[in-house]
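# Structural overview
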Amino acid sequence: GLVAVARYYVVHACGRVLNPQIVDGQIVGAIVQGIGAVLMEAARYSEVGQPVATTLLDYTIPTMLDVPEIEVGHIETPSTYTLGGMKGAGESGAVGVVPAIILAVTDALAAYRPRITTMPLTPSNVLGLMGIHDDPAPAA
């Protein structure tokens, strides 16, 4: 049930790139946020509505061990509305990562005909999409 992203490619249309390292950092950071959202991050609440994920011990976020090789390509299309042709760039990294991973998991599990309607795609949730459910531990 463990989903691992081995490699991620993104090509985005941006304005004039003044500093490629900064733009790459924005794109990569947004992709990592998307990976976290789709695979591990979940805001959980108690039965009475109190948050139970109040620290990073309870709320899982991606670490460098969860980040795949990321290839970034830029297509410079200068804006006609700004002096210098600059545009925002960081958002484009976050837009495609969630549906890309969900569609990859849907494709990988095609034999099970999964209907993915919730995130994150934790191992137990992926196993559930395959019809495998965690059984409680047997009583000792």
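Numbers given for residues are sequential positions, taken from 1 along each chain in its written order. Where local features are concerned, this predicted model is filtered to residues with pLDDT of at least 70; where side-chain atom pairs are given and counted, the filter is 80 or more; whole-chain, interface and lining totals use all residues. Computation of side-chain values covers all heavy atoms of the structure but excludes hydrogens and water.

## Topic: the nonpolar core
Where a protein is soluble and globular, its nonpolar side chains tend to be buried together. The biggest cluster of nonpolar side chains holds 24 residues, and the ones touching the most others in it are Ile31, Val38, Leu39, Val97, Ile101 and Leu121. The set of elements that each furnish at least two residues to this core consists of strand S1 (7-14), helix H1 (20-39) and helix H2 (91-108). Strands here are runs of E lasting at least two residues and helices are runs of H or I lasting at least four, both read from the DSSP assignment and numbered beginning at the N terminus. Among the elements that take part in this core, H1 stands out by supplying seven residues, more than any other. It only takes one pair of heavy atoms within 4.5 Å for two residues to be counted as in contact. Ignoring any residue separated from it by four or fewer positions in sequence, one finds Ile31 in contact with Tyr8, Val10, Ile70, Gly93 and Val97. Throughout, nonpolar core names a set of buried Ala, Val, Leu, Ile, Met, Phe, Trp, Tyr and Cys residues whose side chains join them through atoms within 4.5 Å. Burial classes follow relative accessibility: with a 1.4 Å probe on protein chains only, a residue under 20% of its type's maximum area counts as buried, one over 50% as exposed, and anything between as partly exposed.

## Examining the pattern of salt bridges
The working definition used for a salt bridge is a side-chain nitrogen of Lys or Arg within 4 Å of a carboxyl oxygen of Asp or Glu. Here the structure, examined in full by the defined rule, presents one salt bridge. Glu69 serves as the salt-bridge partner of Arg7, at 3.6 Å between the closest nitrogen and oxygen. Of the two residues, Arg7 sits in strand S1 while Glu69 sits in strand S2 (residues 69-76), which places them 62 residues apart along the sequence. Exposure remark for Arg7: the relative accessible area of 45% places this residue in the partly exposed category.

## Looking at the confidence of the model for the chain
Residues of the chain with pLDDT of at least 70 account for 95%, and the chain-wide mean is 90. Looking over the chain, one finds the lowest element-wise mean pLDDT in S1, namely 90, and the highest in helix H3 (residues 123-129), namely 94. The quantity called pLDDT is the predictor's confidence in a given residue, expressed from 0 to 100.

## Notes on H2
A helix is expected to reach a length of 1.5 Å times the quantity of its residues less one. End to end, H2 covers 27 Å across 18 residues, agreeing with the expected 26 Å (1.5 Å per residue, within 8%). All of the buried residues in H2 are Gly93, Val97, Val98, Ile101, Ile102 and Val105. Elements in contact with the buried residues of H2: S1 and H1.

## Structural notes on the environment of Pro123
Tracing the chain through its elements places Pro123 in helix H3. Taking the C-alpha atoms as reference points, Pro123 and Leu39, 84 residues apart in sequence, are found 8.7 Å from one another.

## Observations concerning H1
Note on helix geometry: an α-helix contains 3.6 residues per turn, so any two residues three or four positions apart are oriented the same way. If you check H1, its first and last C-alpha atoms are 28 Å apart, about what 20 residues at 1.5 Å a residue would give, namely 28 Å. Val23, Ile27, Ala30, Ile31, Val32, Gly34, Ile35, Gly36, Val38 and Leu39 are the residues of H1 that are buried. The elements touched by buried residues of H1 are S1, S2 and H2. Between N or O atoms, a polar contact is any pair within 3.5 Å; within protein, one atom must be a potential hydrogen donor and the other a potential acceptor, and residues adjacent in sequence are included only when both atoms are from side chains. By the N-cap criterion, in which a side-chain oxygen at the helix start approaches the backbone nitrogen of a residue two or three places on, H1 is capped by Asn19, the distance to Gln21 being 3.1 Å.

## Comments concerning the packing of H1 against H2
Axis definition: a line fitted to C-alpha atoms, over the contacting stretch in the case of helices. Angles run 0 to 180 degrees between N-to-C directions. Relative orientation of the contacting elements H1 and H2 amounts to 35°, with a least axis distance of 7 Å. Note on packing geometry: the crossing formed by H1 with H2 is right-handed. Residues Ile27, Ala30, Ile31, Gly34, Ile35, Val38 and Leu39 of H1 pack against Ser92, Gly93, Ala94, Val97, Val98, Ile101 and Ile102 of H2. Broken down by class, the residue content of the contact of H1 with H2 amounts to eleven nonpolar, three polar and no charged. Here is the rule for handedness: rotate from the far helix to the near one, and if that takes an anticlockwise turn smaller than a right angle the crossing is left-handed, while a clockwise turn gives right-handed. For this scheme, ten residues count as nonpolar: Ala, Val, Leu, Ile, Met, Phe, Trp, Tyr, Cys and Pro. Four count as charged, namely Asp, Glu, Lys and Arg, and the remainder, Gly too, count as polar.

## Regarding unusual backbone geometry
A cis geometry characterises the amide bond from Met119 onward to Pro120, with omega recorded as 5°. Its location among the elements puts Pro120 in the loop between H2 and H3.

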